[in-house]
Amino acid sequence: MGGLDDLYQQLILDHYRNRRGRGRIEGASASVHEHNPVCGDECYLDILVEDGRIAEIRADGDGCSISQAAASMLTEVAAGKDLDEALMLVEHFRLVMHGEAQPDEDLLGDAVALEGVAKYPVRVKCALLSWLALRECIADYRETVATGG
Amino acid sequence: MGNSAQHTLHARALRAEFPILVSPRAGGGAVHYLDSAATSQKPQRVLDAMDAYYRETNANVHRGVYEMAAEATERLEAGRDAVARLVNHPREATVFTKNATEAINLVAWAWGARELREGDEVLVTMMEHHSNTVPWQIVASMTGAQVRFCPVTPGGEIDMDAMRSMIGGRTRMVAVVHVSNTLGTINPVEDIVAMAHEAGALTMVDATQSVPHMPVNAAAIGSDFLAFTGHKMCGPTGIGVLAASPARLGAMEPFLGGGEMISDVTTEGATWNDIPWKFEAGTPPIAEAVGLGEAVRFLEEIGMENIRAHEKEVAVRMLEALDEVPGLTVYGPRDAERRGASMSFSLDGVHPHDIGQFLDSKGVCVRAGHHCTKPLMRHLGVQSTARASAYLYTTDDDIIALRDALIACREWFGAA
Ligand SMILES: Cc1ncc(COP(=O)(O)O)c(C=O)c1O
């Protein structure tokens, strides 16, 4: 089952079984709800921004092992990053998922284990769900700040 | 199952007629194809019939005076004769469409958009495929009519008491699925059609999952409209069927306009061809009609009764096998008399997507998702399910492979 081991690395199953950063943030600076219309997977992403950095990030929702593990990994690696760094991180991960960049382990942390997902086009959306939610969240946050809302 | 005393279908022998089932995929072993509710595999003779049409008599139909064009027309119309005969319906009221979805849209637009008024009701059920829901929602939003949903019981059947009470003076159309693609439930469509007609409503039966799998007698069902699709019954994609009441069809305005569907066209307007051609604008799916006709002959030779008897056994075996998987829940009826062999299930602690992916690694093809029945998914309180669906070529090996892969899947994801 070589193919399966590639896709479901132990690290992924570990994050799936023991979700990090799960839940919601009360009084979040920005919140986004994304869903994947193909499978109905849902993701709620909340961030708390302090001094231009992600002081706290949590993800909630339901989905397959890939989407849940990706969300778990995201909360670990994005915590503490400033907003531009976080956007670069998301963009790098997006390119890796589309097979357009080699994964940078220092940048991605545990999420490097998701590399094998790139070979399964229908699962790429699952992996990206929470990560793109973060991009959305940051955009919302910046817009709110800019409009003084 | 192949040796059952009750019927004469030998699934194992029939598999030899399906190239995809006998030639292992590149780098892989046997394929356990359990996704026939999505689309069936095609026997060699259907592929051959389409190939022969293109090689021997390819020409556009109806208007040609030369021999080849006449022969193409003959083969197209022979396809129509075959499907009409299969469901016991008059050929002139048997319309070729692109698929079942287009057949339902044809009625929604040609009848619904013109006839529905504010306050009218279209009654569908909570287990409809989106193709028997969304067209009605679209024309309802244009006309001010309302689409109502008849509930489904916890056992996965239409709540007939609710159906009875929901059909009333405002009901103009009752649109119901014959066999649910998600739950497998066989619905009492004759009773529903009779109830609807008594209230003066028209009826649409979505027979997409029944016509391929059991004898379906359109005359006995008595609905105004009955829709099905070629690719789920050993035929090609790109062709579907609307079997309509000849009187209704004759009275209806066209759906799509263009070539073929007219009698005369002037600068002032146009008049319509006879049925069924009035509803077949443009060049029809000719090779597809030839292929579907061959598929019908293939099914008739096996016998629809035999196919149903085989699938009833498959359903019994599949229920037994799925019961052996710890933490597994099957949706829909437990009684094989009341269901087809399309089975949705969930596995505690494992997402349907992961089930589908894991099973694929074991050569078992199942579907994971909402199966185009989102209202039903919400009704069941799940986001998605996994679904295994059988056909005339499904054997015990397939079911054992399914069971073993599910048990292994549960262990792999640590849900055990
Ligand atoms: C019950 C039912 N109705 C309608 C359809 C639509 O068939 P098609 O996509 O061929 O139009 C399907 C197929 O998925 C179905 O299962």
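Owing to the predicted nature of the structure, the values given are computational and were not obtained by experimental measurement.

Asker: Explain the site of the ligand to me, please; I cannot follow it from the model alone.
Answerer: Residues and elements named next belong to chain B. The ligand sits among 13 residues. The nearest are Thr101, Asp206, Gln209, Thr229 and Lys232. Within the side chain of threonine 101, one N or O atom sits 2.5 Å away from an oxygen atom of the ligand. Coverage of the ligand by the protein chains reaches 87% of its 390 Å² of free accessible surface. Per-class residue counts for the shell around the ligand are two nonpolar, nine polar and two charged.

Asker: Just checking my understanding: could you explain the domain arrangement of chain B for this structure?
Answerer: Reports often express the size of an interface as the amount of accessible area lost when the parts come together. Residue and element names in this part refer to chain B. Here chain B is partitioned into domain 1 (11-30 + 303-412) and domain 2 (48-299). Its C-alpha centre places domain 1 at a distance of 28 Å from the equivalent point of domain 2. Each partner contributes to the roughly 2,500 Å² buried at the junction of domain 1 and domain 2, and carbon and sulfur atoms together form 61% of this total. Inspection of the region where domain 1 meets domain 2 yields one salt bridge. The closest approach of N and O atoms between arginine 338 and glutamate 157, which form a salt bridge, is 2.8 Å. Counting across the interface, domain 1 meets domain 2 through 17 residue pairs in polar contact (both at pLDDT 80 or more).

Asker: For this particular structure, what's the right way to read the sheet that holds strand β4 (residues 146-150) of chain B?
Answerer: Backbone-to-backbone hydrogen bonds join strands into a sheet, with any given pair of strands oriented parallel or antiparallel. All names here are of chain B. The strand order across the open sheet built from seven strands is β2-β8-β7-β6-β5-β3-β4, with neighbouring strands paired in mixed fashion. The sheet is open, and its two borders are formed by β2 (94-97) and β4, each paired with just one other strand. Adjacent strand axes in the sheet meet at a mean angle of 20° when their direction is disregarded. Taken together, the three bridges between strand β3 (residues 121-125) and strand β5 (residues 171-177) define a ladder with parallel strand orientation. Paired with glutamate 121 across the strands is threonine 171, a residue of β5. Packed on one face of the sheet, helix α5 (residues 100-115) meets β2, β5, β6 (202-206), β7 (225-229) and β8 (240-244) and runs near 150° to β7.

Asker: Hey, could you run me through unusual backbone geometry in this one?
Answerer: What you tend to see is this: most non-glycine residues have negative phi, and most peptide bonds are trans. A cis geometry characterises the amide bond from B:Ile275 onward to B:Pro276, with omega recorded as 5°. Note that B:Pro276 resides in the loop between β10 (270-272) and α11 (286-302). Positive phi outside glycine occurs at A:Asp51, with the angle close to 50°. Inspection of the secondary structure puts A:Asp51 in the loop between β2 (42-50) and β3 (53-60). We note that B:His371 has phi near 55°; this positive angle belongs to a residue other than glycine.

Definitions and cut-offs
- Residues numbered from 1 in each chain as written.
- Chains lettered and ligands numbered in written order.
- Predicted model: local features only at pLDDT ≥ 70, side-chain atom pairs only at ≥ 80, totals over all residues.
- Heavy atoms only, no water.
- Near = heavy atom within 4 Å.
- Polar contact = N/O pair within 3.5 Å; in protein donor to acceptor, adjacent residues only side chain to side chain.
- Areas by Shrake-Rupley, 256 points an atom, 1.4 Å probe, with all protein chains shown as cover.
- Nonpolar A, V, L, I, M, F, W, Y, C, P; charged D, E, K, R; others polar.
- Domains from an automatic or database assignment.
- Buried area = accessible area lost by both parts, 1.4 Å probe.
- Salt bridge = Lys/Arg side-chain N within 4 Å of Asp/Glu carboxyl O.
- Pairing = 2+ DSSP bridges.
- Helix = DSSP H or I, 4+ residues; strand = E, 2+ residues; numbered from the N terminus.
- Axes fitted to C-alpha atoms, helices over the stretch in contact; angles between N-to-C directions.
- Contact = heavy atoms within 4.5 Å.

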